[in-house]
Amino acid sequence: MEKTELIARCKKNDLVAQKLLFLKYKDLVYTTSLKYCRNSAEAEDNVHDVFIVLFETIHKYTNKGSFEGWIKRITIHKAVDKFRQKKTTDLPYQIESDTREVTIDKKDIDIPIDAIFKAIQELPERYRLVFNLYQLDEYSHKEIATMLSISEGTSKSNFHRAKQILKEKILVFSSTKILNQ
Amino acid sequence: MKPQEDIGSLIKTKLQSAKKASNEATWERIQHSLEERKRKRRNAFYIKLGSAGLLLIIGALFMFNYSDIITNSTTTSQEETHSKIDDQKIIEAEESKSSSLPSQTIKVSTNTDVNNLDASNLQNQEASKGSTTSIINDSIKETIFKTEISKENLHPLNVLKGSSKNAKALDTIVNRNDVPVTQTTQKVYYYYNSKNGQEMSSTDKKVIDSIVEINQKKRDSLKTKN
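Residues numbered from 1 in each chain as written. Chains lettered and ligands numbered in written order. Predicted model: local features only at pLDDT ≥ 70, side-chain atom pairs only at ≥ 80, totals over all residues. Heavy atoms only, no water.

K.L.:
Help me understand the pairing of strand 6 (residues 198–202) of chain B, please; the structure alone is not making it clear to me.
P.N.:
The two faces of a sheet get side chains in turn, since along a regular strand they alternate between them. Residue and element names in this part refer to chain B. Burial of strand 6 is extensive: five of the five residues sit out of reach of the surface. Burial along strand 6 is two-sided: Gln-198, Met-200 and Ser-202 facing one way and Glu-199 and Ser-201 facing the other are all buried. Where strand 5 (residues 189–193) and strand 6 come together, five bridges link them in antiparallel fashion. In the sheet register, Tyr-189 faces strand 6, and the bridge partner there is Ser-202. Hairpin connection, strand 5 to strand 6: the antiparallel pair is bridged by four residues, and Gly-197 has positive phi, about 75 degrees. (Buried < 20%, exposed > 50% of the residue type's maximum accessible area, 1.4 Å probe, protein only. Helix = DSSP H or I, 4+ residues; strand = E, 2+ residues; numbered from the N terminus. Pairing = 2+ DSSP bridges.)

Here it is, written out as structure tokens:
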């Protein structure tokens, strides 16, 4: 079944088409959710919520933009909404806006994807969101600041701090791997 | 020195090709949630529909009762009107009964103002005319008396109060212009006095004849004088 037909049937609340759409895009949503959530269980919850929103708002999709992009946006916004609801205050107050590059040896990052996911998931909530939004999904610091209700400076600082933490984690993992070998 | 690269770019490159498989059991949860939401939406629709229907019924009942009140009030006013008409009919029937009996009723026609009748002048004129004149005089007096009573007691409002006593007492009824009129089925004789504009009528021909006779005598007496 073609994508447009599938979408059209989903707009008519066809349950079979909805299931087919879920099977087609579940991995995309899950992978995106894994980056934004703390663990796989939370990611599964996010997948559930995303598809509910998707089926309820699919009539708004006008076949103009990329459907994958639309689903991804829903996934990201759902994760951000959850962050807003939590209102986490687990971050220390930061004044400096350090934007220096955080570099790493290319060989050190040659680790399993699950390890990278794990490193990202272990980041503090806001660092994780800022890193994902800016680095992986190419949102600007201005947009991130608006989305998370923080200043642009804080977004930049959080991003830099997230990279520093990721570097430490990856280096630890890399050194452990070397030791195990 | 080892070649260094930005950690962010490296992670992005690494994750671009990454694809993790989601649990298919999530669909069961999604399906359940969708059905529950549908049910809730349906229930909300039925609740709205029910409340709208209830409001409609209440409104209809209110309108029905309201129209009943209006109908009742209309019926009451109609009944009142009917009772008034019945009263008038009763009066008319009683009048016709009384008029079927031989009477000495003198009718004062509608274009005659009873108040203009000067009884004293008539008395002065007729005092010298003997016994016949006195009979006429009595009948005129009677007419005036009856007219006065009818004016006082047979006013439309008094009639509408259903005073049958008044109806029995009088031979006259009140027409739309509040002018007392005597209804009779018997033959009526009229006399019009061109001097003072008075018009008289009577069922008894003798009375009219006597008045005419008196007036003729008067004229004759004037002629004889001249």
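K.L.:
Help me out: how do you make sense of the pattern of salt bridges in this one?
P.N.:
For side chains bearing opposite charge, pairing can occur when the charged atoms are close. Residue and element names in this part refer to chain A. For the structure shown, the criterion picks out 18 salt bridges over all chains. With its nearest N and O atoms 3.4 Å apart, the salt bridge here joins Glu-68 to Lys-3. One end of the pair, Glu-68, is in helix 4 (residues 67–86); the other, Lys-3, is in helix 1 (residues 3–11), and 65 residues separate them in sequence. The exposure class of Glu-68 is partly exposed, given its relative accessible area of 32%. Residue classification places Lys-3 among the partly exposed residues on the basis of a relative accessible area of 29%. Across the pair Arg-84 and Asp-81 runs a salt bridge whose closest N-O atoms are separated by 4.0 Å. A residue pair is termed a helical-turn pair when its members lie 3 or 4 positions apart in one helix, as Arg-84 and Asp-81 do in helix 4 at three residues. Overall, Arg-84 belongs to the partly exposed group, its relative accessible area being 39%. (Salt bridge = Lys/Arg side-chain N within 4 Å of Asp/Glu carboxyl O.)

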